[in-house]
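Structural features, examined
Each chain, written out:
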Amino acid sequence: MGLAVWRNWTRPRVNWYSVCGVLLLIVVLIALAWGGRLLGKVLADAERLPIDEIALVGERSYTQDEEVRLALAHIEGDSLVTADMEKVRSALTQLPWVKRVTVRREWPNRLRLYLVEQRPMAHWNGDQWLNQDAEAFQAPKRAGVGKLPSLSGPEGSSEKVWQNWLKFSELLRLNGFMPQSLTLSHRHAWTLTLEDGMELRLGRIEGIERLQRFIELWPTLSKQGRRAQYIDIRYDTGLAVGWQLEQRD
């Protein structure tokens, strides 16, 4: 007798909850991709988000509006989103009287530029300036700069020269002298020049003591009735005087 085996067969049940979840996820991803692409086009459209205003913040004495406008000519046609802020900052810091710049976007249509200018403290090596941090920079002359001391020295010596100028000039002014310039030679010798053209040769020692010696001896020297061309204070004691020759008719 044969053995018959019967098995119950049923169709597998579909988990419609999972299927719907997957389909919904696909739809959401497609919508996000399409929406992101559309948003990118909208944001990049300069006609929809144009840069209508540029706000210049910070005290400016030497940087002119026209210079800023020309420096920013490269962003014409850009939107507030596509404009490269680093290029904007770089273009503005290349202006001769600008020290540093901060750039910010302000929605919906404004760039805010905060400019810090170079503040000239002295003339440096003839055709340069020293700024508020004793850094040398090149810039054209501007009205309103005022009278500044003339300093000079080898490359990389600007801070050292500036610090010594502050010490020397303060001591001289306290004693009634008007310093005009300070020079550090390539042999590292210091020379101070007063407004009347007289030179004070201090030598290679950064000598407040030597300058003090000149101040103490000056009342005696000034009684000689002659005009000193230079005072050589490079000695451990005393000093030497170079007198101007009297002009004859």
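**Some thoughts on the sheet that holds strand β4 (residues 122–124)**
Strand order in the open sheet formed by nine strands is β6-β5-β4-β7-β8-β9-β10-β11-β12, with mixed pairing between adjacent strands. Every interior strand has two partners, whereas the edge strands, β6 (136–137) and β12 (240–243), have only one. Two strands pair when backbone bridges link them, and strand β7 (residues 150–152) and strand β8 (residues 179–184) are joined in this way by three bridges, in the parallel orientation. Bridging across to β8, S152 finds its partner in T183. Packing against the sheet, helix α4 (residues 158–174) makes contact with β4, β5 (128–130), β6, β7, β8, β9 (190–194) and β10 (199–203), and its axis sits at approximately 145° to β8. Packing against the sheet, helix α5 (residues 208–221) makes contact with β9, β10, β11 (228–232) and β12, and its axis sits at approximately 145° to β10.

**What about the sheet that holds strand β1 (residues 53–57)?**
A sheet is described by the order of its strands in space; here three strands give the open sequence β1-β3-β2, paired in mixed fashion. Edge positions in the open sheet fall to β1 and β2 (98–106), since each of these has one partner strand only. Strand-to-strand twist of the sheet, defined as the mean angle between neighbouring strand axes without regard to direction, takes the value 20°. Pairing analysis gives eight bridges linking β2 to strand β3 (residues 110–117), with the strands arranged antiparallel. Its bridge partner being in β3, E106 is matched across the sheet by R110. Lying over the sheet, helix α3 (residues 85–93) contacts β2 and β3, oriented at roughly 150° with respect to β2.

**A word on the layout of surface pockets**
A volume near 210 Å³ is recorded for the largest pocket. Around the largest pocket, the lining residues are I51, I54, L56, D65, V68, R69, L72, I75, E76, G77 and D78. The wall of the second largest pocket is formed by G58, E59, S61, Y62, Y114, L115, V116, E117, Q118, R119 and Q132. Grouping the amino acids of the lining of the second largest pocket by side-chain chemistry returns four nonpolar, four polar and three charged.

**With respect to unusual backbone geometry**
Following W107, the chain continues to P108 via a peptide bond in cis, the omega torsion being 5°. Residue placement: P108 occurs in the loop between β2 and β3. Positive phi, normally seen in glycine, also occurs at N125, with a value near 50°. Relative to the helices and strands, N125 resides in the loop between β4 and β5. Since its relative accessible area comes to 34%, N125 is described here as partly exposed. Here H188, not a glycine, exhibits a phi torsion of approximately 65°, which is positive. By the secondary structure assignment, H188 is in the loop between β8 and β9.

**Focus: the packing of aromatic side chains**
Scanning the model with the defined rule gives seven aromatic pairs in all. Seen from their ring centres, W97 and W129 are 5.4 Å apart, and the 55° between their planes marks the pair as tilted. Highlighted residues: W97 in the loop between α3 and β2 and W129 in strand β5, separated in sequence by 32 residues. In this pair, the class of W97 matches that of W129, namely buried. On the numbers, 5.6 Å between centres and 45° between planes, the contact of F214 with W218 is tilted. Separated by four residues within a single helix, F214 and W218 lie in helix α5, roughly one turn from each other.

Rules behind the numbers
Residues numbered from 1 in each chain as written. Predicted model: local features only at pLDDT ≥ 70, side-chain atom pairs only at ≥ 80, totals over all residues. Heavy atoms only, no water. Pairing = 2+ DSSP bridges. Helix = DSSP H or I, 4+ residues; strand = E, 2+ residues; numbered from the N terminus. Contact = heavy atoms within 4.5 Å. Axes fitted to C-alpha atoms, helices over the stretch in contact; angles between N-to-C directions. 1 Å grid on protein atoms, 1.4 Å probe; cavity = no way out; pocket = protein on both sides within 12 Å on 5 of 7 lines; lining within 4 Å. Points joined across faces, edges and corners; volume = space filled by probe spheres on them. Nonpolar A, V, L, I, M, F, W, Y, C, P; charged D, E, K, R; others polar. Buried < 20%, exposed > 50% of the residue type's maximum accessible area, 1.4 Å probe, protein only. Phe/Tyr/Trp six-rings, centres within 6.5 Å; stacked < 30°, edge-to-face > 60°.

These results come straight from atomic positions and should not be treated as a statement about function.
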